Amino acid sequence: MDATTLLDWYDIHHRDMPWRVPPAARKAGEVPNPYHVWLSEVMLQQTTVAAVRAYHTKFTALWPTVEDLAAADDADVMAAWAGLGYYARARNLLKCAREVTARGGFPNTEAELLTLPGIGPYTAAAVASIAFDRKATVLDGNVERVMARLHAIEEPLPDSKETLRTLAAERTPDARPGDYAQAVMDLGATICTPKSPACGICPWMKGCAGRIAGIAAELPRKRPKKAKPTRLGHVYIARRPDGATLMETRPPKGLLGGMLALPTSEWTDAPSPAPPLEAGWREIGEVRHTFTHFHLILTVWTAETLAAETRGHWVDQADPGDLPTVFAKALRLAL
DNA sequence: CAGTCGTGGAC
DNA sequence: TGTCCAAGACT
């Protein structure tokens, strides 16, 4: 029921990831690459390991060092991030890479890391511990869940967050803080899962108050969420005879900010007017997509050519892979 | 502080 | 099909 028990479990059940140094290699003196660790932690924010793997591999191949990333074109980085979601992360990733490069490398303390763009309390603790072996307590969704169950905390999130943070800090060991941080999160991801936790094989089952009380699977409690509204709009795919597609770069802030996109109408609660048919627009179907806080239904229109575009620019080889998913869906419908 | 900000997989 | 949710940050 202590950190050593968990580290023993981690030594056996460690999961390989492209950015990780396995515990055996770390004990032999191998040091993590801070750039790889930072990149992985930003990508992993609210995102599954399965989704991150390919993107992490792609990014380190395109930009092997943080200096390479700092020198990249914004549009190339946004295109490479397309499909991973939460695009403010990509914008902050570039800002952070440029700051780190300007100051000659990553800072190696939690407090200094916290001052960088896109690095909040979780990521600062994760990079400090994993990349630099500093004692720091990570508090992510996994750790919140594990602590809530171990101590049978019934107060709902987010009210209980600071209590959970204190409990997590009390358990953090002086030795192997990086491995420990990854071990707690792995425990949450593989054993202490949100639904039907595998308490029977948990290295911390002895003394878990939530398991003993029979309420582990119900924790952590959470305040009810708001319902998602549905918004409606139109998306326009204009193609030239040579195959070029009219696209635009979205404004630098807000939803899908800075991303390459197809032109659309406003997205409203009530249906908006269809485009004038004399302009040659043809309806080819609809696309449904759900964002974090609303559903979206877009009517998809195509036209062979427009006399003169009023906005955007022509892209010769439109690639759905360079677009946020909602636009990739619409483009695939037209192709 | 509560709202904003994506996506795909699990159930 | 709908709901939940994943290694959160920013405003």
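Remember, predicted model here, so these are calculated numbers, not experimental data. (Residues numbered from 1 in each chain as written. Chains lettered and ligands numbered in written order. Predicted model: local features only at pLDDT ≥ 70, side-chain atom pairs only at ≥ 80, totals over all residues. Heavy atoms only, no water.)

1. Remarks on the overall build of chain A
Rules: Starting at the N terminus, helices and strands are each numbered in turn, a helix being any DSSP run of H or I of at least four residues and a strand any DSSP run of E of at least two. Using a 1.4 Å probe on the protein chains alone, a residue whose accessible area is under 20% of its type maximum counts as buried, one over 50% counts as exposed, and one in between counts as partly exposed. Should any heavy atoms of two residues lie within 4.5 Å, those residues are considered in contact. Accessible areas in this description were obtained via Shrake-Rupley with a 1.4 Å probe; residue shielding takes into account the shown protein chains only. This count recognises Lys and Arg as positive and Asp and Glu as negative, with His and chain-terminal groups excluded. Lys charges are placed at NZ, Arg charges at CZ, Asp charges at CG and Glu charges at CD.
Looking only at helices and strands, one finds 14 helices and 6 strands in chain A. Taken along its principal axes, the extent of the C-alpha atoms in chain A is 75 × 45 × 30 Å. Across the 335 residues of chain A, 47% fall into the buried class. Within chain A, contacts between residues separated by at least 24 positions form 68% of all contacts whose residues are at least 6 apart in sequence. Total accessible area computed for chain A in this model is approximately 16,300 Å², and 55% of it derives from carbon and sulfur atoms. Positive and negative charge centroids in chain A, built from 38 and 38 side chains respectively, lie 5 Å apart.

2. Overview of the packing of helix H10 (residues 141-150) against helix H11 (residues 161-171)
Stated formally: The axes are straight lines fitted to the C-alpha atoms, using for helices just the contacting stretch, and the angles between their N-to-C directions are given from 0 to 180°. Oblique is the label for any angle not covered by the other classes, which are roughly parallel (under 35 degrees), roughly antiparallel (over 145) and roughly perpendicular (65 to 115). Gly counts as polar in this scheme, as do all residues outside two lists: the nonpolar Ala, Val, Leu, Ile, Met, Phe, Trp, Tyr, Cys and Pro, and the charged Asp, Glu, Lys and Arg.
Closest axis-to-axis distance for the H10/H11 pair is 9 Å, and the angle between their directions is 85°. Here H11 runs roughly perpendicular to H10, going by the angle between their axes. Of the residues in H11, those in contact with Val143, Glu144, Met147, Ala148 and Leu150 of H10 are Lys161, Leu164, Leu167, Ala168 and Arg171. Considering only residue class, the contact of H10 with H11 consists of 7 nonpolar, no polar and 3 charged.

3. Side note on the state of the cysteines
The criterion, for reference: In this description, the term disulfide denotes a pair of cysteine sulfurs within 2.5 Å.
Overall, the coordinates contain 0 disulfides when judged by the stated rule. Free cysteine: Cys192, not disulfide-bonded; nearest cysteine sulfur from Cys202 at 6.2 Å.

4. Observations regarding the protein's contact with DNA strand B
Our working definition: Neighbouring residues are identified by heavy atoms, a residue being near a molecule or strand if any of them is within 4 Å of it. The definition of a polar contact used here is a pair of N or O atoms within 3.5 Å, where within protein one atom must be able to donate a hydrogen and the other to accept one, and adjacent residues in sequence count solely through side-chain atom pairs.
Surveying the vicinity of DNA strand B reveals 19 residues, the closest of which are Tyr87, Leu256, His289, Thr292 and Thr325. Counting only the atoms of DNA strand B within 4 Å of the protein, the fraction contributed by sugar and phosphate is 61%. Interatomic distance of 3.0 Å between a side-chain N/O atom of Thr47 and a base nitrogen of DNA strand B. Leu256 has a polar backbone atom sitting 2.6 Å from a phosphate oxygen of DNA strand B. Classifying every residue of the surface near DNA strand B gives 7 nonpolar, 10 polar and 2 charged.

5. Observations concerning H11
This is how it is decided: Of all possible arcs, the one meant is that of the directions from the helix axis to the C-beta atoms.
Three or more residues of H11 are buried, namely Leu164, Leu167, Ala168 and Arg171. The arc that holds every buried residue of H11, seen down its axis, measures 100°, which confines them to one face. Buried residues in H11 make contact with helix H1 (3-13), H10 and helix H12 (177-190).

6. Quick notes on the pattern of salt bridges
Side-chain pairs of opposite charge can arise whenever the charged atoms involved come near each other. Stated formally: Any carboxyl oxygen of Asp or Glu within 4 Å of a side-chain nitrogen of Lys or Arg constitutes a salt bridge here.
On inspection of all chains with the given rule, the structure shows 18 salt bridges. The residue Lys27 makes a salt bridge to Asp11 at a minimum N-O spacing of 2.9 Å. Taken together, the positions of Lys27 in helix H2 (residues 23-27) and Asp11 in helix H1 put the pair 16 residues apart, joining distant regions of the chain. Across the pair Asp186 and Arg15 runs a salt bridge whose closest N-O atoms are separated by 3.5 Å. Remark: Arg15 occurs in the loop between H1 and H2 and Asp186 occurs in helix H12; sequence separation between them is 171 residues. Take Arg15: its relative accessible area is 28%, and that puts it in the partly exposed class.

7. Concerning the domain arrangement of chain A
Rule in force here: All the domain ranges listed were derived from an automatic or database domain assignment. The term buried area denotes the loss of accessible surface (1.4 Å probe radius) that occurs when two parts are joined, taken as the sum for both partners.
Along its sequence, chain A is carved into domain 1 (3-137 + 163-191) and domain 2 (230-334). Centre-to-centre, using C-alpha coordinates, domain 1 lies 35 Å away from domain 2. Taken together, the contacts link 7 residues of domain 1 with 13 residues of domain 2. A buried area of about 670 Å², summed over both sides, lies between domain 1 and domain 2, and 55% of it is on carbon and sulfur atoms. Among the residues domain 1 hides against domain 2, the three largest losses belong to Ala82, Tyr87 and Arg91. Together they make up 58% of the total. Where domain 1 packs against domain 2, one counts 0 salt bridges. Our count for the domain 1 to domain 2 interface comes out at 3 residue pairs in polar contact (both at pLDDT 80 or more). Classifying every residue of the side of domain 1 that touches domain 2 by side-chain character gives 5 nonpolar, 1 polar and 1 charged.

8. Focus: the protein's contact with DNA strand C
Within the structure, DNA strand C sits among 24 residues, and Gln46, Gly118, Asp140, Asn142 and Pro194 are positioned closest to it. Counting only the atoms of DNA strand C that lie within 4 Å of the protein, the sugar and phosphate share comes to 67%. Arg20 is positioned such that a nitrogen or oxygen atom in its side chain is 2.9 Å from a base nitrogen of DNA strand C. Contacts to DNA strand C include Tyr122, whose backbone N or O atom sits 3.3 Å from a phosphate oxygen.

9. Topic: the nonpolar core
Spelled out, the test is: Buried Ala, Val, Leu, Ile, Met, Phe, Trp, Tyr and Cys residues that are joined via side-chain atoms within 4.5 Å together make up what is termed a nonpolar core.
One finds Trp38, Phe59, Trp81, Met147, Trp204 and Phe327 to be the most contacted residues of the largest nonpolar core, which totals 94 residues. Sort the elements by how many residues they give to this core and helix H9 (residues 121-132) lands first, with 8 residues. A domain split of this core shows at least three residues from each of domain 1 (3-137 + 163-191) and domain 2 (230-334). Ignoring sequence-local partners within four residues, the contact set of Phe59 consists of Tyr35, Leu39, Met43, Val77, Ala80, Trp81 and Leu93. Core analysis: the second largest hydrophobic core is formed by 8 residues, Tyr236, Ala238, Ala244 and Trp281 among them.

10. Overview of the sheet that holds strand S4 (residues 282-290)
Using the following cut-off: Here, any two strands with at least 2 DSSP bridges between them count as paired.
Pairing is mixed in the open sheet, where 3 strands are placed in the order S1-S5-S4. Two strands bound the open sheet, and with one partner strand each, they are strand S1 (230-238) and S4. The average undirected angle you get between the axes of adjacent strands in this sheet is 25°. Of the pairings in the sheet, the one linking S1 to strand S5 (residues 295-303) comprises 9 bridges and is parallel in character. The residue bridging Ala238 from the neighbouring strand is Ala303, located in S5. Contacting S1, S4 and S5, helix H14 (residues 325-334) runs over the sheet at an angle of about 150° to S4.

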